[in-house]
Amino acid sequence: MNQAHPASRRRLLTLATAAVLATGTLGTGTTAASAPSADEPISALNRSAQPLNDMNGLGRMVGDARVVGLGEASHSAHEFFMLKQRLFRHLVATKGFTTFALEVSWSTGLRLDAYVTLGIGDPAQIAREEFQGQYVFWNTQEYLDLIQWMRRYNIAHPDRPQLRFVGNDLGYAGPDAFDHVTDYLAVYRPDLARRIEDLYAGLKPAAGTQAGPWMAGQLSKGLPARRAEADRADAALALLRDHDRPRTANRDTERAHAWALQNAVAITQSFTGYAFPDEQFPERMRYRDRAMAANTAWWLRHEGGRILLASNNGHVAYTSDNPDEFPEPTGAFLRDRLGPDYVSIGLTFNQGTVNALPDFTAQLPQEYTVPPAPKGYNEHLLDKLRHRDFSIDLRTAPAAARTWLAKARPTRSYGLYWSTDAPATALGRSYDILIHLHQVEAAHILR
């Protein structure tokens with residue numbers, strides 16, 4: 001569902017060599033050292049930079065935000081994933097955060113939340129079955145360690161608010177979402193059960209279905225079939241919504257209805273996402289980002305607490321670095337919904353290794369080496385600051401720093417597929433906070 005538009009595929013594959021040659025990184029990937037020019041505000045940035053060896057500085061920057069979007073410049077780097085774990089644990093301990101949200105399907109989040117809260121299932125098996133296709137980068141030792149830590153925390157602290165796990169994306173409409181709807185109907189609205197089950201017939205994945213093949217199968221269907229499935233999912237949602245709440249209303253039934261309705265929404269989101277024709281790729285991506293924001297906001301409104309949202313830089317940001325194909329990021333929608341309750345953190349890095357898919361037919365990522373950022377890139381100057389790894393509050397940085405940060409420059413951004421393309425990004429307009437790491441290593445993919 002989230003494969004690149006055909007034009008993007010050609011661009012990603014053909015610009016890789018051109019970008020290397022243009023930036024002069026062929027060979028050693030290094031550039032000659034030079035003194036900072038007048039437009040490089042090293043001292044101003046240094047005054048704002050806080051070392052990452054202490055999370056308290058970053059915690060102060062987060063302030064009272066209820067949702068923190070923490071990005072990543074690559075879908076698969078060990079240090080990015082460990083930073084998300086470190087920050088989440090710090091925010092749990094110091095600011096009452098309770099939910100870890102991940103850019104993965106809503107139904108996958110249901111399975112992992114059942115493990116984190118109730119101990120149901122094997123997280124390694126869930127990851128193998130659900131972190132496939134576009135989500136293969138999450139099937140790592142780093143994320144498995146985080147999920148297992150969340151479970152241990154809940155067991156050790158039964159008197160504290162329980163930690164929760166949520167997926168906010170729409171790639172895979174897994175059976176758990178369907179089960180939530182039909183279980184609700186059986187108890188509270190048996191009069192609707194048969195009609196909605198008929199609409200869902202053939203939509204719910206069979207037992208044992210793997211997420212990766214299911215998503216590939218959806219993409220292989222003709223557009224009329226995909227639109228028909230989306231119409232049926234939407235009709236089921238409309239039935240549930242139009243008939244409103246259970247006839248006997250109390251706090252429990254209200255909660256049950258809200259959960260059933262949200263699961264029906266998630267099912268509709270998934271099938272609708274596949275119903276866009278290829279030539280409407282930007283509209284499909286806008287729909288996806290809006291859905292991710294809506295699911296995150298729903299969880300905040302109904303489950304409370306505070307949320308750390310782990311996603312790609314391009315999703316948590318306020319502005320798109322590729323508006324022709326990805327018009328409006330999740331972060332922009334969340335800012336519209338939540339205002340100052342949402343804070344966006346972008347991640348950059350100078351060099352190291354990352355995982356990416358080599359092409360559009362590959363199923364498993366490969367490891368790629370990223371040389372030091374060439375002159376003219378945002379990361380090239382950021383790596384000159386006095387701290388090896390640091391964070392900067394972009395909202396309160398000195399004027400000279402904010403001026404530099406407001407200009408769009410080439411910035412590394414690795415998504416599903418390997419490419420040296422570096423979109424122009426204005427860091428100061430994209431994020432509230434920036435974290436820069438000197439070096440990263442590829443995350444540990446589980447086979």
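Since the structure is predicted, the reported quantities are computational estimates derived from the model, not experimental observations. (Residues numbered from 1 in each chain as written. Predicted model: local features only at pLDDT ≥ 70, side-chain atom pairs only at ≥ 80, totals over all residues. Heavy atoms only, no water.)

Section: the overall build of the protein
Condition: For the purposes of this entry, the term helix denotes a DSSP run of H or I that reaches at least four residues, the term strand denotes a run of E that reaches at least two, and both are numbered from the N terminus. Note that the radius of gyration is over C-alpha atoms, with the globule rule given as 2.2 Å times the number of residues to the power 0.38. Between buried and exposed lies partly exposed: a residue is buried under 20% and exposed over 50% of the maximum accessible area for its type, with that area taken using a 1.4 Å probe on protein chains only. In what follows, residue pairs with any heavy atoms lying within 4.5 Å of each other are defined as contacts. In this description, accessible areas are obtained by the Shrake-Rupley approach with a 1.4 Å probe, and a residue is regarded as covered only by the protein chains that are shown. Residues counted as positive are Lys and Arg, residues counted as negative are Asp and Glu, and His and the chain ends are not counted. For charged residues, the charge sits on one atom: NZ in Lys, CZ in Arg, CG in Asp, CD in Glu.
Counting its regular elements, the protein contains 18 helices and 11 strands. In terms of overall dimensions, the protein is globule-like: its C-alpha atoms have a radius of gyration of 22 Å, near the 22 Å expected for 447 residues. Here the protein holds 447 residues, and the buried ones make up 58% of them. Look at the contacts in the protein between residues 6 or more apart in sequence, and 80% of them connect residues 24 or more apart. Carbon and sulfur atoms make up 51% of the accessible area of the protein, which amounts to about 18,100 Å² in all. Positive and negative side-chain charges in the protein, numbering 48 and 48 respectively, have mean positions lying 3 Å apart.

A closer look at empty space enclosed by the protein
Keep this limit in mind: A cavity here means a set of points on a 1 Å grid, drawn over the protein atoms and nothing else, where a 1.4 Å probe fits but cannot get out; a pocket is an open set with protein on both sides within 12 Å along at least five of seven lines, and a residue lines either one if it has an atom within 4 Å of a point. Grid points are joined across faces, edges and corners, and a volume is the space filled by probe spheres set on the points. Each residue is assigned to one of three groups, with Ala, Val, Leu, Ile, Met, Phe, Trp, Tyr, Cys and Pro labelled nonpolar, Asp, Glu, Lys and Arg labelled charged, and all others, Gly among them, labelled polar.
Under the counting rule described, the total for this entry stands at 2 cavities of 30 Å³ or more. Of the pockets and cavities examined, the largest cavity occupies roughly 50 Å³. Going through the elements one at a time, α5 (106-118) and α12 (251-273) are the ones with two or more residues in the lining of the largest cavity. The element that contributes the greatest number of residues to the lining of the largest cavity is α12, accounting for 3 residues. Partitioned by chemical class, the residues of the lining of the largest cavity number 7 nonpolar, 4 polar and 1 charged. Space inside the second largest cavity adds up to approximately 40 Å³.

A closer look at the side chain of Gln 134
Our working rule: Contacts described as polar in this section are N or O atom pairs within 3.5 Å, which, within protein, must combine one atom able to donate a hydrogen with one able to accept it, while residues neighboring in sequence count only if both atoms come from side chains.
Turning to its location among the elements, Gln 134 is positioned in the loop between α6 (123-130) and α7 (141-156). The class of Gln 134 is buried, set by a relative accessible area of 13%. Side-chain polar atoms of Gln 134 contact the side chain of Tyr 135, separated by 3.0 Å.

Topic: the confidence of the model for the protein
Stated precisely, the cut-off is as follows: Values of pLDDT, the confidence the predictor places in each residue, fall between 0 and 100.
Per-residue pLDDT for the protein has a mean of 91; in total, 91% of the residues score no lower than 70. Taken as a whole, residues 3-34 scores under 50 in pLDDT and shows 42 contacts with residues more than four places along the chain or in a different chain.

Section: the packing of helix α9 (residues 190-200) against helix α11 (residues 223-242)
A pair of packed helices can be characterised by two numbers: the angle between their axes and the separation between those axes. Counted only if it meets this: Only C-alpha atoms enter the line fits that serve as axes; for helices the fit covers just the stretch in contact. Angles between N-to-C directions range over 0 to 180 degrees. By definition in this entry, angles of less than 35 degrees are roughly parallel, angles greater than 145 are roughly antiparallel, angles of 65 to 115 are roughly perpendicular, and the rest are oblique. A clockwise turn of the near helix away from the far one marks a right-handed crossing, whereas an anticlockwise turn of less than a right angle marks a left-handed crossing.
Put simply, α9 and α11 touch, their axes get as near as 8 Å, and they point 165° apart. When the interaxial angle is binned, α9 and α11 end up roughly antiparallel. Relative to α11, α9 is oriented so that their crossing is left-handed. Only Arg 232, Ala 233, Ala 235, Ala 236, Leu 239 and Leu 240 of α11 make contact with α9, whose side of the interface consists of Leu 192, Arg 195, Ile 196, Asp 198, Leu 199 and Tyr 200.

Quick look at the pairing of strand β4 (residues 164-169)
Applicable threshold: A pair of strands is treated as paired once DSSP finds two or more bridges between them.
Counting buried positions over the 6 residues of β4 gives 6, a clear majority of the element. Side chains Arg 164, Val 166 and Asn 168 project from β4 onto one buried face, and the interleaved Phe 165, Gly 167 and Asp 169 project onto a second face that is buried too. Pairing geometry for strand β3 (residues 99-105) and β4, over 5 bridges, is parallel. The residue bridging Thr 99 from the neighbouring strand is Arg 164, located in β4.

Describing the packing of aromatic side chains
As a reminder of what qualifies: Any pair of Phe, Tyr and Trp rings, taking the six-membered ring for Trp, is counted once the centres come within 6.5 Å. Such a pair is stacked with planes under 30 degrees apart, edge-to-face with planes over 60 apart, and tilted for the rest. For a Lys NZ or an Arg CZ to count as sitting over a ring, it must be within 6 Å of the ring centre and within 35 degrees of the ring normal.
In total, this model carries 26 aromatic pairs according to the counting rule given. Between the aromatic rings of Tyr 414 and Trp 418, the centroid separation amounts to 5.1 Å while the plane-to-plane angle is 5°, which identifies the pairing as stacked. Tyr 414 gets classed as buried once you look at its relative accessible area, which sits at 4%. The buried category is assigned to Trp 418, whose relative accessible area is 19%. Members of the aromatic cluster, each reached through a chain of ring pairs, are Phe 81, Phe 88, Phe 100, Trp 138, Tyr 143, Trp 149, Tyr 153 and Phe 165. Taking the ring centre of Tyr 318 as reference, the NZ or CZ of Arg 335 above it sits at 4.0 Å.

Side note on the nonpolar core
Our working definition: What is meant by a nonpolar core is a set of buried Ala, Val, Leu, Ile, Met, Phe, Trp, Tyr and Cys residues, joined one to another through side-chain atoms within 4.5 Å.
Phe 100 and Ile 345 are the most contacted members of the largest nonpolar core, which totals 128 residues. The element contributing the most residues to this core is α12, with 10 residues. In this structure, Ile 345 is in contact with Leu 58, Val 62, Val 68, Gly 69, Leu 70, Gly 71, Leu 87, Asn 313, Val 316, Tyr 431, Ile 433 and Ile 435, ignoring residues within four places of it in sequence.

Concerning the environment of Arg 164
Checked against the element boundaries, Arg 164 lands in strand β4. Given a relative accessible area of 16%, Arg 164 falls into the buried group. Separated by 50 residues in sequence, Arg 164 and Ala 114 place their C-alpha atoms 8.7 Å apart. For Arg 164, the side chain forms a polar contact with the side chain of Glu 303, separated by 2.9 Å.

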